[in-house]
Amino acid sequence: MYNFDTSVILESIPFLIEGIKITLFISVISSICAFLIGLITVFFRTMGSKPLKFIAVSYVEIIRNTPLLIQLYFIYKSLPAIGLMLPPIGCGILALSLYTGAFISEVLRAGINSVASEQYQASISLGLSKFQTFRLVIFPQAIRIIIPPLGSQFINAIKNSSLVSFISVTDLFYRVYKGAVDDFRFFEFFITGALIYMMLTGTVALLTNIFENQFKIQGRSVKA
Amino acid sequence: MMHWIDIAENYDFLMKGLFITLKLALVSVSGSLLIGIILGVLRYSKIFLISWLAVAYIESVRSIPLILFIVFIHFGALPYLTGESSSFFYSSCVAFIIFTSAYIAEIIRSGLNSVERGHIDAAKSLGLNRMQRLSYIILPLAVSRMTPALVSQFISLIKDTSLASTIGLIELTRSGEIIYERTYHETEILIFIAFIYFVICFGLSKLSAIWETKPYMCTEHREPIGANQ
């Protein structure tokens, strides 16, 4: 039987908490940026002119069809070549925002498509501008449908943020791995790390549920 | 000044990496389909403990980053269980199967749920028994509706195989790294590798988009995206 030594974990709690802070910092900032990127992209895609549409579609498809690790390496190693020097944590946030943004824009697009096109025509005929239609008519209806998938994108952002440890950011995964290697205590550290990640993602799942109930309109079921 | 010649010079090496990537993806997807189906069925088990265990497995795997599995299985679990260090390919396969099977189990559940009550009732009233209902009505409908989600899971898996490079498996990403660690021309190699991943994944997603236009997908009865979470 494996002899499970909790003392190594207890000793390294402050070390791990520092990592949780970095992981949370990266995922929160990049989730916010990703949401904004997703909004802009989907606005271009549904209501922009042809070239804007093309840019938005190519951005989404390129990001969605290449691995995040390659994007991270590219931003970390190739941007300095064109004179853009970012600290590793900045590279991580940039890559994660772009990656999650593409997925969020797809989620938003599905939500917008679920709003009947008559609503769009009606608001245009009432004299609202394209932007006003988007902001006042379509978005409030779409947001109710997209909350659950949006929540799962934020969860993915937390999980994906573990990859920034490969561009030398000392986030939670980096610290779990370092602790495991230093003491040769893989089981203790990895189980602790898994539990911490489960707690973080579980919190987001809980918040998603709360928001979903908050936005629910009485007597109106949310169906696409 | 770009150095595209690096790619031509190391073309065979990169293609060997691509072969490993595809092999890893195919072996893992077959394994995780098998386990995913078993999990998806166990989830509906009458015995509470079994269905609870299946749900616990699916939910906990889905909330932990994949990289944690890969590193833990390669450096921690497999060496402990077998007493010797395991090969890179073997441990990445195990990690991908454990990770992806949880997602596939969810896809199978939502596919089975997508079959309308009316179809099942109609089959019952026609006198089909439980087995016939499953094999003639529910499975054909569910499988064809699951296909797009399964394909997109396979695409994610192909992208995720790049994580196996972090434990040292020389697949596409790692072979690229080996080249640019020597030549220092990261940009060209990374663009080329990204292009290969893009061609495979984008091609697959377009194929599945063609599948989605089939008439029996009858999308109007399906639940909205994510409503089932």
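For the structure, see preceding data.
Since the structure is predicted, the reported quantities are computational estimates derived from the model, not experimental observations.

Thresholds applied
- Residues numbered from 1 in each chain as written.
- Chains lettered and ligands numbered in written order.
- Predicted model: local features only at pLDDT ≥ 70, side-chain atom pairs only at ≥ 80, totals over all residues.
- Heavy atoms only, no water.
- Phe/Tyr/Trp six-rings, centres within 6.5 Å; stacked < 30°, edge-to-face > 60°.
- Lys NZ or Arg CZ within 6 Å of the ring centre and 35° of its normal.
- Contact = heavy atoms within 4.5 Å.
- Buried area = accessible area lost by both parts, 1.4 Å probe.
- Salt bridge = Lys/Arg side-chain N within 4 Å of Asp/Glu carboxyl O.
- Polar contact = N/O pair within 3.5 Å; in protein donor to acceptor, adjacent residues only side chain to side chain.
- Helix = DSSP H or I, 4+ residues; strand = E, 2+ residues; numbered from the N terminus.
- Nonpolar A, V, L, I, M, F, W, Y, C, P; charged D, E, K, R; others polar.

A. Local environment of the packing of aromatic side chains. All chains considered together, the criterion is met by 17 aromatic pairs over all chains. Connected via pairs of aromatic rings, a cluster forms that spans Phe166, Phe173, Tyr177, Phe184, Phe186, Phe187 and Phe190 of chain A together with Phe72, Phe75 and Tyr80 of chain B. Over the aromatic face of tyrosine 73 of chain A sits the side chain of lysine 77 of chain A, whose NZ or CZ is 5.2 Å from the ring centroid. Sitting above the plane of the tyrosine 103 of chain B ring, arginine 62 of chain B keeps its charged end 5.5 Å from the centroid.

B. Inspection of the interface of chain B and chain A at higher detail. Every contact between the two is made by 38 residues of chain B and, on the other side, 38 residues of chain A. Taking both sides of the interface into account, the surface hidden between chain B and chain A amounts to around 3400 Å²; carbon and sulfur atoms contribute 75%. The three residues of chain B that bury the most area against chain A are Leu68, Phe72 and Lys159 of chain B, which together make up 17% of that side's buried surface. Here chain B is connected to chain A by zero salt bridges. Applying the counting criterion to the chain B and chain A interface returns six residue pairs in polar contact (both at pLDDT 80 or more). Elements with a minimum of two residues in the side of chain B that touches chain A: α3 (48–62), α4 (66–82), α5 (88–113), α7 (130–160), α8 (172–183) and α9 (186–212) of chain B. Per-element tally for the side of chain B that touches chain A: the top contributor is α9 of chain B, with 10 residues. For the side of chain B that touches chain A, the residue count by class is 24 nonpolar, 10 polar and four charged.

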